[in-house]
Amino acid sequence: MNANDASPEYTNFIEILCQRAEKTPDQVAYLFLGDGENVTHRLNYAEIDQQARAIARLLLAQGSPGDRVLLAYGFGLDFIPAFFGSLYAGMIAVPLPEPRATLERWLGIQQACQASLALGSGSFIKQLREKYPADSPLRQLTWLATDQPLEEGIGLDPSKDIDGNSPAFLQYTSGSTGAPKGVVVSHDNMIDNARTMQAAFNDIDEEKGFSWLPFYHDMGLTGGMLQPMFLGVPMMFMSPLHFLQRPRRWLQAISRYRITSCGAPDFAYKLCTQKIRPEQMESWDLSCWQQAMVGAEPVQAETLAQFSDHFGPCGFNENAFFPGFGMAEATLFMAGRDKQYPVTTCRVDAQALTRHEVVPLAADTSDQTYRFVSNGITYGSHRLLIVDPKTHTLCTPDQVGELWFQGGNKALGYWNDPLQTEKTFQAYLADGTGPFLRTGDLGFRVDGELYITGRLKDVIIIRGCNYYPQDLELAVEQSDPALRPAGGVAFSVTTEGAEQLVILQEIERTALRKADPKVLMRTIQSALSTTFGLSAAHIVLLKPGSVLRTSSGKVRRRDCREAFLAGDMVSL
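Residues numbered from 1 in each chain as written. Predicted model: local features only at pLDDT ≥ 70, side-chain atom pairs only at ≥ 80, totals over all residues. Heavy atoms only, no water.

**Student:** Describe in detail the nonpolar core, supporting the description with residues and values.
**Tutor:** Core analysis: the largest hydrophobic core is formed by 69 residues, its most contacted members being Phe 13, Tyr 30, Phe 83, Phe 84 and Met 225. The leading source of residues in this core is helix H3 (residues 79-88), at 7 residues. Non-local contacts of Phe 83, meaning those with residues more than four positions away in its chain, are made with Leu 71, Ala 93, Phe 169, Met 190, Leu 221, Met 225 and Leu 226. Grouped together as the second largest cluster of nonpolar side chains are 48 residues, Leu 33, Phe 201, Phe 243 and Met 281 included. (Core = buried A, V, L, I, M, F, W, Y, C linked by side-chain atoms within 4.5 Å. Buried < 20%, exposed > 50% of the residue type's maximum accessible area, 1.4 Å probe, protein only. Helix = DSSP H or I, 4+ residues; strand = E, 2+ residues; numbered from the N terminus. Contact = heavy atoms within 4.5 Å.)

Spelled out as structure tokens, the structure:
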């Protein structure tokens, strides 16, 4: 997203909200499709500001600046004034996963950040009291309902007193396992990230944004909610459940409401290609869609090509794709497509890649290759280095290494976790240069373009060779139409001291009755052998929906591995 009215003098988001409420009070900022298709709620800048001030007054009557505030909302616009109200009060907002999340996850977050205050709707608070006993830790919180008449927060304007380096909110990533880790994002981080994204994306006249990603997801909160506020452009939302139930609602909304900017993970584009039939999109016009961001997980070249072919007849332009790389630990954005050029891809030798070596090949080469999509370049003063994770020295251009980041949107660390903060956020090169954020992601550069190969901890090592799980998963799903796209998981297990490959793969619902499991297993083994010279020790064929995912749809590989070892993944 981009716009021309975002002043470089802004120092925090409360100042931005105050000025927008003063200069353009009646301008609609956010809209919500309550049924997934029609606008049922909307907020202008004056309403957000008034409600946020009232919520801040309510919070300050119960707590003090610096307190952590849990935000317990389903997907809707009520979250927005609650978030800004927490900032108005000088408190630290803590978005929670949707109410359907497990109680243990909420308790883990509450105990980790030591929150004593929580905001939610009156009906939800009533349900909470009815469902859980009085001695439940969540019941011990001071719960405040924000959908009831509140006293006005007149005279409350802390924007000039905000310390830019102070925490604004805690981002608990959706894929966290074990003890929750809250990324501490400061007011300065938010502004730097917003300015960087503004520089990265194209200028668009009459820009309109759209998102179905949840607010507790970094791409949904920072990219979906905060960036439009920074730019002063309208933003429309839809529940992620409405998208997952009927993916066509997403593209239907883009066509109907003339959306210009919208992003999602790779799996969403793949799901639309798979689920939306030609007759369902006959009346659509997607020519308005000028920026189609792709992030939050590795971007597959096949996904972009298939989506472009499928929706090209509706006016979708493949040059709208904007692959990017980011993570909560950097507030959101670290790199993105060079807007001066089309999306770039690179073919490399698959066998060399197992040795973490980069050997680019000609575009028309097909055997023993893997095609990567560029995640673009860095912007402004930001730096992304390719570093050997063992020696902490810079990699040569023909090596895969860990991505180390440096920039003004690098978060402060993990809340109340100094050891992990030092390990992740305070990394130094062998020559003393730093500090850098260790992303845990692996990648390489070709001609200045950044390519992501996978996660450091997800890399599968068999017989001394390195394999990236998404490469194996893609080869498997493409081996037979009966195998569900984006429905596979690859990992390794140790048996008698040796690493063995395990493949979990969902079968298409339409193929469940007629598919022959033995034939599919042979097909999978053939694909692995032909492309990678590998043989899977275990292949588990699953019903659709069996693979464990995060709230944003990303595969939870480690949790799938644990479920497999526990015997919870049973083949058809």
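Next comes the rest of the description.
**Student:** Which residues make up the side chain of His 217, and what values go with them?
**Tutor:** In this structure, His 217 sits in the loop between strand E9 (209-211) and helix H7 (218-231). Relative accessible area serves as the criterion here: at 3%, His 217 is assigned to the buried category. A polar contact is formed between the side chain of His 217 and the backbone nitrogen of Met 219, at a distance of 3.0 Å. (Polar contact = N/O pair within 3.5 Å; in protein donor to acceptor, adjacent residues only side chain to side chain.)

**Student:** Residue-level account of the sheet that holds strand E18 (residues 383-387), with values.
**Tutor:** Strands sit in the order E18-E19-E21-E22 across an open sheet of 4 strands; the sheet is antiparallel. Every other strand in the sheet has two partners, leaving E18 and strand E22 (449-455) as the edge strands with one partner each. Neighbour-to-neighbour, the strand axes of the sheet open up by a mean angle of 50 degrees, direction not taken into account. In this structure, strand E19 (residues 401-406) lies alongside strand E21 (residues 437-446), joined through 4 bridges in antiparallel fashion. (Pairing = 2+ DSSP bridges. Axes fitted to C-alpha atoms, helices over the stretch in contact; angles between N-to-C directions.)

**Student:** Any details on the sheet that holds strand E10 (residues 235-238)? Residues and values, ideally.
**Tutor:** Pairing between the strands of a sheet is mediated by backbone hydrogen bonds and can be parallel or antiparallel. Judged by pairing direction, the sheet is mixed, and its 8 strands sit side by side in the order E2-E1-E10-E9-E11-E12-E13-E14 without closing on themselves. The sheet is open, and its two edges are formed by strand E2 (39-44) and strand E14 (333-336), each paired on a single side. Within this sheet the neighbouring strands show an average axis-to-axis angle of 25 degrees, counted without direction. Where strand E13 (residues 321-326) lies against E14, 3 bridges are found, and the strand directions are antiparallel. From the neighbouring strand, Gly 326 faces E14, where its bridge partner is Phe 333. Relative to E10, H7 is tilted by about 150 degrees, and along the sheet it contacts strand E1 (28-33), E9, E10 and strand E11 (261-264).

**Student:** Mind laying out helix H1 (residues 13-23), listing which residues take part and the relevant values?
**Tutor:** Across the 11 residues of H1, 8 count as buried, placing the element largely inside the fold. On the buried face of H1, the contacting elements are helix H2 (45-60), H3, helix H6 (187-200) and H7. If you check the start of H1, you find a side-chain oxygen 3.1 Å away from the backbone N of Ile 14, and it comes from Asn 12.

**Student:** Tell me about the packing of H1 against H2, and please be specific about residues and values.
**Tutor:** Where H1 contacts H2, the two axes come as close as 8 Å, and the packing angle between them is 130 degrees. Between H1 and H2, the crossing angle belongs to the class labelled oblique. Crossing handedness for the pair H1 and H2: left-handed. Of the residues in H2, those touching H1 at Leu 17, Cys 18, Arg 20 and Ala 21 are Tyr 45, Ala 46, Ile 48, Asp 49, Ala 52 and Arg 53. Residues belonging to the contact of H1 with H2 are distributed by class as follows: 7 nonpolar, no polar and 3 charged. (Parallel < 35°, antiparallel > 145°, perpendicular 65-115°, else oblique. Left-handed = near helix turned anticlockwise from the far one by under 90°. Nonpolar A, V, L, I, M, F, W, Y, C, P; charged D, E, K, R; others polar.)

**Student:** Tell me about the pattern of salt bridges, and name the residues and values.
**Tutor:** By the definition in use, this model includes 15 salt bridges. We note a salt bridge from Arg 258 to Asp 285, for which the minimum N-O separation is 3.1 Å. In this pair, Arg 258 sits in the loop between helix H9 (248-256) and E11 while Asp 285 sits in the loop between helix H10 (266-275) and strand E12 (291-294), placing the two residues 27 residues apart along the sequence. A relative accessible area of 30% places Arg 258 in the partly exposed class. Asp 285 sits in the partly exposed class, given a relative accessible area of 32%. (Salt bridge = Lys/Arg side-chain N within 4 Å of Asp/Glu carboxyl O.)

**Student:** Could you give an account of the side chain of Asp 458, with specific residues and numbers?
**Tutor:** By the element assignment, Asp 458 lies in the loop between E22 and strand E23 (460-462). Beyond its immediate chain neighbours, meaning those up to four positions away, Asp 458 contacts Pro 469, Arg 557 and Arg 558.

**Student:** Account for unusual backbone geometry, naming residues and giving values.
**Tutor:** Residue Pro 435 follows Gly 434 across a cis peptide bond; omega there is 0 degrees. Mapped onto the elements of the fold, Pro 435 is located in the loop between helix H13 (418-425) and E21. Positioned with a positive phi, Glu 206 is a non-glycine residue whose angle comes to about 50 degrees. Assignment of secondary structure puts Glu 206 in the loop between H6 and E9. By relative accessible area, Glu 206 is classed as exposed at 72%. Its identity as a non-glycine residue notwithstanding, Arg 258 has a phi of 55 degrees, on the positive side.

**Student:** Lay out the environment of Asn 12 in plain terms, naming residues and giving numbers.
**Tutor:** With respect to the helices and strands, Asn 12 occurs in the segment before H1. By relative accessible area, Asn 12 is classed as buried at 2%. In the structure, Asn 12 is positioned 416 residues away from Tyr 428 in sequence and 29 Å away in space, judged by C-alpha atoms. Reaching out from Asn 12, the side chain makes a polar contact with the side chain of Thr 11 at a distance of 3.3 Å. Here the side chain of Asn 12 touches Glu 15 through a polar contact of 2.8 Å, landing on its backbone nitrogen.

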